[in-house]
Amino acid sequence: AQSVTQLGSHVSVSEGALVLLRCNYSSSVPPYLFWYVQYPNQGLQLLLKYTSAATLVKGINGFEAEFKKSETSFHLTKPSAHMSDAAEYFCAVTAAGNKLTFGGGTRVLVKP
Amino acid sequence: EAQVTQNPRYLITVTGKKLTVTCSQNMNHEYMSWYRQDPGLGLRQIYYSMNVEVTDKGDVPEGYKVSRKEKRNFPLILESPSPNQTSLYFCASSLSLAGGLSFGANVLTFGAGSRLTVL
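Bear in mind that the values here come from a model prediction, so they are computed numbers and not experimental data. (Residues numbered from 1 in each chain as written. Chains lettered and ligands numbered in written order. Predicted model: local features only at pLDDT ≥ 70, side-chain atom pairs only at ≥ 80, totals over all residues. Heavy atoms only, no water.)

S.K.: Quick rundown of the overall build of chain B? Include the residues and the values.
M.R.: Within chain B, the regular secondary structure consists of one helix and 11 strands. For chain B, the succession of helices and strands along the chain, N to C, is β-β-β-β-β-β-β-β-β-α-β-β. The C-alpha atoms of chain B give 14 Å as radius of gyration, which agrees with the globular expectation for 119 residues (14 Å, within 12%). Projecting the C-alpha coordinates of chain B onto the three principal axes gives extents of approximately 40 × 25 × 25 Å. When the 119 residues of chain B are sorted by exposure, 49% land in the buried category. Residue pairs at least 24 apart in sequence account for 56% of intrachain contacts in chain B once pairs closer than 6 positions are excluded. When the accessible surface of chain B is totalled, it reaches about 5,600 Å², and 53% of it is carbon and sulfur. For chain B, the distance from the average site of its 12 positive side-chain charges to the average site of its 9 negative ones is 6 Å. (Helix = DSSP H or I, 4+ residues; strand = E, 2+ residues; numbered from the N terminus. Rg over C-alpha atoms; globule rule 2.2 N^0.38 Å. Buried < 20%, exposed > 50% of the residue type's maximum accessible area, 1.4 Å probe, protein only. Contact = heavy atoms within 4.5 Å. Areas by Shrake-Rupley, 256 points an atom, 1.4 Å probe, with all protein chains shown as cover. Lys, Arg positive; Asp, Glu negative; His and termini not counted. Charge placed at Lys NZ, Arg CZ, Asp CG, Glu CD.)

Right, here's the structure in full:
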C-alpha cells in the first residue's frame, strides 16, 4: 500500500521568504514522487517529479524538492516566495504503476 | 493544443437524477482517470482506465460508473446522485507504457474540473 501525508493544510509566508512544504510518503517499493500545483479555479499542473535519477529535483517557477529515503520525505522548497505562488500544492506518490495517491494538499498564502 | 476537456464545468442537480460528466483528451493517451477533490482529503481516485474497454475501481468507486468505448473519451456516470457526491471532479490522462512502474515516470494532464452540487 502507498500513502502520502502533507503536514499543514495551510501555510502563510511573506513575499521574499522561504517556502517549505512538507511531504512524507509510505511505500513498500521504490516510489515515484510528484508535486502538483493547483491555482484557483484550475486543474492541477505538474511542478516536478522524482523518478530515481537525482535526489534533488528542480521544477518550474523556482521550486525544488529533495528525496530523502531515510526520512521517507519529499519536501518542496522555494528560496523566495512570490505573490504568484499563492495556490494549493499536492504531493503524490505512485509505486504500483497504475495508481497515483495524493496527499491532502497544502494551501499557500503569500503576504505582501 | 494538448488538453483534457470536461463538461459541464458547473452543475446543480437533485438527488436521484442521472447525470454524466464527459471527459475527452486529444493526446492519444492510453491511461485515463477520474478523481474527486474534497477539502482536507486531497484528490481521491474514483475509477481509472488503462486502455479501451479496460476499466478498474479506484479508492472511492461507490455510486459511480465509467466506460471507455473510445480511446479519447472517458465519461463519469452518476446513476442516482446523492448529496454526498457533491464535490469537485477532475479527469486526467497520461501515456501508459507496458510494465507497471513505467507509468510512474509519466505525468498526468488534468482537465479544468467539474463542480457538482447534488441537492
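S.K.: Describe the confidence of the model for chain B, with residues and values.
M.R.: Low-pLDDT stretches of the model should not have their predicted coordinates read in fine detail. The pLDDT averaged across chain B works out to 89; a share of 91% of its residues lies at or above 70. Ignoring residues within four places in sequence, the model shows residues 97-105 of chain B, a span with pLDDT below 50, making 21 contacts including any to other chains. (pLDDT = per-residue confidence, 0-100.)

S.K.: Lay out the state of the cysteines with the relevant residues and their values.
M.R.: Residues and elements named next belong to chain A. For the structure shown, the criterion picks out two disulfides over all chains. Residue C23 pairs covalently with C91 via a disulfide, S to S 2.0 Å. Residues C23 and C91 share a disulfide whose torsion about the S-S bond is about -65°; that sign makes it left-handed. Taken together, the residues C23 in strand 3 (residues 19-26) and C91 in strand 9 (residues 87-94) connect sequence positions 68 residues apart. (Disulfide = S-S within 2.5 Å.)

S.K.: Tell me what's going on with the interface of chain B and chain A, and back it up with residues and numbers.
M.R.: The interface is formed by 25 residues belonging to chain B together with 22 residues belonging to chain A. For the pair chain B and chain A, the summed buried surface comes to about 1,800 Å²; carbon and sulfur atoms form 56% of the total. The tally of links from chain B across to chain A stands at two residue pairs in polar contact (both at pLDDT 80 or more). Those elements that provide at least two residues to the side of chain B that touches chain A are strand 4 (31-38), strand 5 (42-51), strand 9 (87-94) and helix 1 (100-103) of chain B. (Buried area = accessible area lost by both parts, 1.4 Å probe. Polar contact = N/O pair within 3.5 Å; in protein donor to acceptor, adjacent residues only side chain to side chain.)

S.K.: Could you give me a rundown of the side chain of E88 of chain A, with the residues and numbers involved?
M.R.: By secondary structure assignment, the location of E88 of chain A is in strand 9. Note on E88 of chain A: relative accessible area 11%, which makes it buried.

S.K.: Talk me through the nonpolar core; I want residue IDs and the actual numbers.
M.R.: Ranked by internal contacts, the top residues of the largest apolar core, which has 26 residues, are W35, L47, L48, F74, L76 and Y89 of chain A. Secondary structure elements with two or more residues in this core: strand 3, strand 4 (32-38), strand 5 (44-50), strand 7 (64-68), strand 8 (73-78), strand 9 and strand 11 (106-111) of chain A. Residues V21, W34, L78 and C91 of chain B belong to the second largest nonpolar core, which totals 19 residues. (Core = buried A, V, L, I, M, F, W, Y, C linked by side-chain atoms within 4.5 Å.)

S.K.: Explain the environment of L44 of chain A to me, using residue names and the numbers behind them.
M.R.: Inspection of the secondary structure assignment puts L44 of chain A in strand 5. Sequence separation of L44 of chain A and Y89 of chain A is 45 residues, and the distance between their C-alpha atoms is 8.8 Å. The contacts of L44 of chain A, once residues within four sequence positions are left out, are Y36, V37, Q38, F90 and F102 of chain A together with L43 and F110 of chain B.

S.K.: Tell me about the pattern of salt bridges, and name the residues and values.
M.R.: All chains considered together, the criterion is met by six salt bridges over all chains. With a closest N to O distance of 2.9 Å, K78 of chain A and D85 of chain A form a salt bridge. Taking relative accessible area as the criterion, K78 of chain A reaches 10% and is therefore assigned buried. Look at D85 of chain A and you get buried, because its relative accessible area is 3%. Here R107 of chain A and E88 of chain A are joined by a salt bridge, their closest N and O atoms 3.0 Å apart. In this pair, R107 of chain A is assigned in strand 11 and E88 of chain A in strand 9, connecting sequence segments 19 residues apart. Take R107 of chain A: its relative accessible area is 41%, and that puts it in the partly exposed class. What emerges from the salt-bridge pattern is a single network uniting R36, D38 and R44 of chain B. (Salt bridge = Lys/Arg side-chain N within 4 Å of Asp/Glu carboxyl O.)

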